[in-house]
Amino acid sequence: MTLDLQFDSKHLWHPYTSMTNPLPCYGVVSANKCILELDSGVQLIDGMSSWWACLFGYNVAELNDAAKNQLDKMAHVMFGGLTHQPAISLAKKLVAITPKGLDKVFLSDSGSVSVEVALKMALQYWHALDQPKSQFLTIRNGYHGDTFGAMSVTDPEGSMHELYHDFLAKQLFAPQPSITFDQEWHPSALNAITQLVEENQQNIAAIILEPIVQGAGGMFFYHPEYLKGIRALCDKHHLLLIADEIATGFGRTGKLFACEFADISPDIICVGKAITGGYMSLAATLTTNKIANTISQGKAGVFMHGPTFMGNPLACAVACASIDKLLSIGWQDKVSTIEQQLSNYLAPCIDLPQVQDVRVLGAIGVVEMKENLDVAVVQKRLVELGVWIRPFGKLIYIMPPYIIEKQQLKKLCDAIYTVASL
Ligand code: PMP
C-alpha cells in the first residue's frame, strides 16, 4: 500500500514544520513491537517510542484488548455529572503510584493541557487564600508544551516561542541548573534561583520544572540535590512546586517518577505521554488534598476547567491496562539493562571530533553534537540505516520501548555513531 504523500505534503501540517517547504515525511502502514513498517515495505527499528509514549512498542495485546473491550461498552461519555469505572480505576492507580500526598486527580486531553490545569490550580489556590499571585518561576531550557500558559513557562530561546512574546504572560526564569546528574554537588548551584525567589516571593504562585531531565529544551540531566533544594526553597518561602513529569513519568529515567531521585513530592504533578502506553492522548494533573480543598472552599467554590473529552473512557481503560502491564513486567530491570547497553553502545561516540557529549539516564540515550544537524539529511541517512530516530538541533537521542531487544538497540546506537561521524 502506497500513501498519497503528495497530498500529505500539500495539505497536512506536521509538527513544527512549514507548509511550503516541509521536511520529508515517511508513510507508515503498520507498527508491531519495536518495528515501524513503511509503505515502501522498509522496516525501521523504533528508537523514539513515538516521543516518549510507547512503553511496550506497538500493537500490544493487552492494550488492544483493553481498547476493544471498552469500545463495546462505550467509547465516550461526558464527565460532567457522569462517571465510569475506567476513570475511577485510573485515578486509584495514579494516586497509588505517583509521589505521596498527591490524592486529587484532574484528567485532561494532552500534556500541554495538563500544564495549563496545573498553572490554573496554583493561581486559584492563592486566589482562594485571598493572596492573589500572578507569576511563575521556572528554569532555563525547560519545555512545558505549546499552549499559551505552557509556552509562557517554556524557555523562549530555542523554542521559537519568542514569536509570541507580546502575548505571553511574563514569567521569571532562573538559569539552567549548573551541575549535571553525575557531577559532584555543590549548594552554590542554588544561589541564583534562591535570589530570584527572595526578590519576587510575594508574586510567585509556583515554581514549575521538569524534574531531573529537561527534555525538548536540550535533553539535559541535572543533579537530584538541585531538585531537593528547590523543594526546600518552596517550603521555606511558601511557594507551590509543580513537577512536569509528562516526559519523565512511568519509568523512563529508571525511577517510576523522576521526583523519586530527590525523594520529594511536588504539590502538583503533570503526567501524560506514556500514560496510555502510547495509544491515545490522555494526561492528568494530580494535587494534594490541601490545595484541592482550598480551591474548593474559595470564592469560586469550584475549579474552573472541564474539557469535552475529560476522562475519556477508552483512553482511561487503555491507561489502566498500560499501568498494570508496566508494573508486572519488571520494568526496573528492563530499564536498567537498557541503560547499561546504551552506555556501552554509545560510548564510542565521545571519541568523534563532531561530538560534544554523550549521556545516558535510564532508557534515554543522548549524543550532543558541537554543531546543529541538518535534520532532513540526517533523518534520510538514519532511515537508510534501518532505524527511526528523529534528531533536533544538536541532539541525536533515543528513548526506545522497554521491550527492545539487545541487537535492535545495538543497531540504533551504531546508526547514531554513523551519522555522528558524517
Ligand atoms: N511537558 C513536557 C516535559 C513535554 O515533554 C511535553 C511534550 N513534548 C509537554 C509538556 C506537552 O505535552 P503534549 O505534547 O502532550 O501537549
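It should be noted that the structure appears before, not after, this text.
Residues numbered from 1 in each chain as written. Predicted model: local features only at pLDDT ≥ 70, side-chain atom pairs only at ≥ 80, totals over all residues. Heavy atoms only, no water.

A closer look at the overall build of the protein chain
Piece 1. Helix and strand content of the protein chain: 14 helices and 16 strands.
Piece 2. Over its C-alpha trace the protein chain gives a radius of gyration of 21 Å, about what one expects of a compact globule, namely 22 Å for 422 residues.
Piece 3. Projected onto its principal axes, the C-alpha coordinates of the protein chain cover approximately 60 × 55 × 45 Å.
Piece 4. Taking all 422 residues of the protein chain together, 52% fall into the buried category.
Piece 5. Within the protein chain, contacts between residues separated by at least 24 positions form 70% of all contacts whose residues are at least 6 apart in sequence.
Piece 6. Of the roughly 18800 Å² of accessible surface on the protein chain, a fraction of 54% belongs to carbon and sulfur atoms.
Piece 7. Across the protein chain, the 31 positively charged side chains and the 40 negatively charged ones have centroids separated by 4 Å. (Helix = DSSP H or I, 4+ residues; strand = E, 2+ residues; numbered from the N terminus. Rg over C-alpha atoms; globule rule 2.2 N^0.38 Å. Buried < 20%, exposed > 50% of the residue type's maximum accessible area, 1.4 Å probe, protein only. Contact = heavy atoms within 4.5 Å. Areas by Shrake-Rupley, 256 points an atom, 1.4 Å probe, with all protein chains shown as cover. Lys, Arg positive; Asp, Glu negative; His and termini not counted. Charge placed at Lys NZ, Arg CZ, Asp CG, Glu CD.)

Focus on the site of the ligand
Piece 1. Around the ligand sit Ser110, Gly111, Ser112, Tyr143, His144, Gly145, Glu210, Asp244, Ile246, Ala247 and Lys273, and those are all the residues in its vicinity.
Piece 2. Measuring from an oxygen atom of the ligand, one finds a side-chain N or O atom of Ser112 at 2.6 Å.
Piece 3. Between the ligand and Lys273, the relevant distance is 3.1 Å, taken from a nitrogen atom to a side-chain nitrogen or oxygen of the residue.
Piece 4. Burial of the ligand by the protein amounts to 80% of the accessible area it has alone, namely 390 Å².
Piece 5. Along the lines of polarity and charge, the residues of the shell around the ligand split into three nonpolar, five polar and three charged. (Near = heavy atom within 4 Å. Polar contact = N/O pair within 3.5 Å; in protein donor to acceptor, adjacent residues only side chain to side chain. Nonpolar A, V, L, I, M, F, W, Y, C, P; charged D, E, K, R; others polar.)

Quick look at a nonpolar patch on the surface
Piece 1. A surface patch of nonpolar side chains, amounting to about 610 Å² of accessible area, comprises Phe148, Met160, Leu163, Tyr164 and Phe167.
Piece 2. Of note, Leu163 is situated in the loop between helix H7 (156–159) and strand E6 (172–174).
Piece 3. When its relative accessible area of 65% is taken as the criterion, Leu163 is described as exposed. (Patch = residues over 30% accessible without salt bridge, like charges linked within 9 Å, V, L, I, M, F, W, Y side chains within 5 Å. Salt bridge = Lys/Arg side-chain N within 4 Å of Asp/Glu carboxyl O.)

Purely geometric stuff here, so don't read any function into it on its own.
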